[in-house]
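Here is what each chain is made of, one letter per residue.
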Amino acid sequence: MAFSTSSSAAALDTNSRTPSHLLSELPIKGSTLLFGLNFKYTQVVKKGVINRIKGNKQTLDLDLSCLLFDERLHLVDTVWFKQLRDNSSAIRHQGDSLNGKDRGSAAELDRNVDMETIELRLPRLPDEVHHVALLLSSYYGYPLNQVERGNIYISDDEGNEIYTTDLTLLSGDSAALCVAVLSRELGEWRYTQQELPLTECAMPKMTEQVRRELARIYG
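From a predicted model like this one, the values you see are computed outputs, not experimental measurements.

What counts and what doesn't
- Residues numbered from 1 in each chain as written.
- Predicted model: local features only at pLDDT ≥ 70, side-chain atom pairs only at ≥ 80, totals over all residues.
- Heavy atoms only, no water.
- Helix = DSSP H or I, 4+ residues; strand = E, 2+ residues; numbered from the N terminus.
- Contact = heavy atoms within 4.5 Å.
- Areas by Shrake-Rupley, 256 points an atom, 1.4 Å probe, with all protein chains shown as cover.
- Buried < 20%, exposed > 50% of the residue type's maximum accessible area, 1.4 Å probe, protein only.
- Lys, Arg positive; Asp, Glu negative; His and termini not counted.
- Salt bridge = Lys/Arg side-chain N within 4 Å of Asp/Glu carboxyl O.
- Polar contact = N/O pair within 3.5 Å; in protein donor to acceptor, adjacent residues only side chain to side chain.
- Expected span 1.5 Å × (residues − 1).
- Arc of directions from axis to C-beta.
- Core = buried A, V, L, I, M, F, W, Y, C linked by side-chain atoms within 4.5 Å.
- Pairing = 2+ DSSP bridges.
- Axes fitted to C-alpha atoms, helices over the stretch in contact; angles between N-to-C directions.

**A word on the overall build of the protein**
So, point 1. Looking only at helices and strands, one finds three helices and 13 strands in the protein.
So, point 2. In the protein, once contacts between residues fewer than 6 apart in sequence are set aside, the share between residues at least 24 apart is 68%.
So, point 3. If you sum the accessible surface of the protein, you get close to 10,600 Å²; carbon and sulfur atoms cover 46% of it.

Next comes the structure, spelled out in structure tokens:
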């Protein structure tokens, strides 16, 4: 998979604020979706006046997660570094990277060696799951775009991408982002690109913000 600094894949309608397509309309073939993160080990000055004066630094820790909601937008399950699989094992987190360095030097150079990956086997999800939100967050609350180099992507398991973005090009100072939402529709799954900045990076608050956004769209 070639690295791209584009904020959205060419397959999507870039004139739409929130591009939305059925998965069957997108150029993907594999049965499994991959939500991947790659970033370079990055240190930033720690928060607080004293830390800024002394130049004390903190390592960025970026995380991928998934929120699973039912049709009434009740939270069904969460997949993140504290729970690597949903109850059905249809969505699997491949493990947490604490700083972008613990995956080895190859991961910093090769997009195919990801810091974190979540595999989504949508056909295996129980019927009660109607929405799956894909999130990126900064564990310590530092802006995502402070990373020295990094990207996220969504593809199938054959390497066909439907989304990729360069994290350094993200606008604003948000520490969390709802990247996309997958929703059931007439026996299929609809992919809606969000790129919605979230004001909080703690899981309960991110969950509530995403739930409110889904309620706005589907309420």
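**Some remarks on the side chain of D166**
So, point 1. Inspection of the secondary structure assignment puts D166 in strand β11 (residues 161–166).
So, point 2. No salt bridge forms around the buried D166; measuring N to O, its nearest opposite-charge neighbour R149 is 8.4 Å away.
So, point 3. Reaching out from D166, the side chain makes a polar contact with the side chain of T168 at a distance of 2.7 Å.

**As for helix α3 (residues 203–218)**
So, point 1. If you check α3, its first and last C-alpha atoms are 22 Å apart, about what 16 residues at 1.5 Å a residue would give, namely 22 Å.
So, point 2. All buried positions along α3 are accounted for by M203, M206, T207, Q209, V210, E213 and L214. The buried residues of α3 occupy one face: seen down the axis, they fall within an arc of 165 degrees. For α3, the exposed residues lying more than 90 degrees away from the buried face are P204 and R216.
So, point 3. If you follow the buried residues of α3, they end up packed against β5 (62–69), β6 (75–79), β9 (131–138), β12 (176–185) and β13 (188–198).

**Let's talk about the nonpolar core**
So, point 1. Core analysis: the biggest nonpolar cluster contains 40 residues, and L23, L120 and V132 have the highest contact counts within it.
So, point 2. Within the residue set of this core, elements represented by two or more residues are β2 (33–39), β5, β8 (116–120), β9, β10 (150–156), β11, β12 and β13.
So, point 3. Residues in contact with L120, not counting those within four places in the same chain, are S31, T32, L33, F35, C66, A90, I91, V132, L134 and L182.
So, point 4. Formed by 14 residues, the second largest nonpolar core is a distinct cluster that contains L67, W80, L135 and A176.

**Quick word on the pattern of salt bridges**
Pairing between side chains of opposite charge can happen when their charged atoms approach one another.
So, point 1. Within the structure shown, the criterion is met by five salt bridges.
So, point 2. The partner of R121 in a salt bridge is E119, with the nearest N and O atoms 2.8 Å apart. This pair shows no difference in class: R121 is buried, exactly as E119 is.

**Focus on the environment of P126**
So, point 1. Structurally, the position occupied by P126 is in the loop between β8 and β9.
So, point 2. On the basis of relative accessible area, P126 is assigned to the partly exposed category, the value being 30%.
So, point 3. When the C-alpha positions of P126 and N87 are compared, they lie 9.3 Å apart, and in sequence the two are 39 residues distant.
So, point 4. When residues no more than four places from it in sequence are discounted, the contact partners of P126 are S88 and R184.

**Comments concerning the environment of G172**
So, point 1. Structurally, the position occupied by G172 is in the loop between β11 and β12.
So, point 2. Note: C-alpha distance between G172 and N145 (27 residues apart in sequence) is 8.2 Å.

**Observations concerning the sheet that holds β13**
So, point 1. The strand order β1-β13-β12-β9-β5-β6 describes an open sheet built from six strands, whose pairing is antiparallel. The sheet terminates laterally at β1 (20–22) and β6, the two strands that pair on one side only. Here the average twist between neighbouring strands, direction ignored, is 20 degrees.
So, point 2. Pairing of β1 with β13 involves three bridges; the strand directions are antiparallel. Looking at the pairing, H21 lines up with Y191 of β13.
So, point 3. Across the sheet, α3 is in contact with β5, β6, β9, β12 and β13; its angle to β5 comes to roughly 50 degrees.

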